[in-house]
Amino acid sequence: GNPGKRPLPKNEPTPEVGAPPCPAWLDGIARAYWNELAPMLARLRVMTEADRRALEILCDAYSEYRRAREYVRKNGHTYQAATDRGQPVTRVRPEVAISQDAWKRVRAGLIDFGLTPSARSKVQMVQKATEDPYEEHRRKRQG
């Protein structure tokens, strides 16, 4: 809504509602996620042609998250290394931090598109541009 009751912009751009085609550069995981999300977002009327880059970033971050999590699942969260003096030390794998960072970006993208329960109530459908009522009336009278 409009909690401040300020006048809404009259000349706000209205991009075409719908999902753009999947970019060729996305990898397999990201492409599969795109093919899952894009049609759903279009049906929910929250996806427009202007949202392509935001969806690309979301899908790419999801792919990064999944790849890092799979590596951690197979290899564990830590590994053994030696200090400069040869003492054994347990270190956290870099993939753990990579997955955590990617998850933050995925979560932010999901929120932007209203794909979490708390965010869903804050996202509004894109409305199709309607003709000015005066212009519609004038056009009908002119025949």
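1. What to know about the side chain of Glu95
- Here Glu95 is to be found in helix H3 (residues 94-112).
- No salt bridge forms around the buried Glu95; measuring N to O, its nearest opposite-charge neighbour Arg93 is 5.0 Å away.
- Aside from chain neighbours lying at most four places away, what touches Glu95 is Ala68, Tyr71 and Val72.

2. A closer look at the packing of aromatic side chains
- Considering all chains together, one arrives at two aromatic pairs under this definition.
- Taken together, a centroid distance of 3.9 Å and an interplanar angle of 20° make the contact between Tyr33 and Tyr62 stacked. In this pair, Tyr33 is assigned in helix H1 (residues 28-43) and Tyr62 in helix H2 (residues 52-75), connecting sequence segments 29 residues apart. No difference in accessibility class separates Tyr33 from Tyr62, as the two residues are buried.
- Ring centres of Tyr65 and Trp103 lie 5.3 Å apart, and the angle between their planes is 45°; on these two criteria the pair is classed as tilted. Here Tyr65, found in helix H2, pairs with Trp103, found in helix H3; they are 38 residues apart in sequence, far enough to count as distant.

Definitions and limits used
- Residues numbered from 1 in each chain as written.
- Predicted model: local features only at pLDDT ≥ 70, side-chain atom pairs only at ≥ 80, totals over all residues.
- Heavy atoms only, no water.
- Helix = DSSP H or I, 4+ residues; strand = E, 2+ residues; numbered from the N terminus.
- Buried < 20%, exposed > 50% of the residue type's maximum accessible area, 1.4 Å probe, protein only.
- Lys, Arg positive; Asp, Glu negative; His and termini not counted.
- Salt bridge = Lys/Arg side-chain N within 4 Å of Asp/Glu carboxyl O.
- Contact = heavy atoms within 4.5 Å.
- Phe/Tyr/Trp six-rings, centres within 6.5 Å; stacked < 30°, edge-to-face > 60°.

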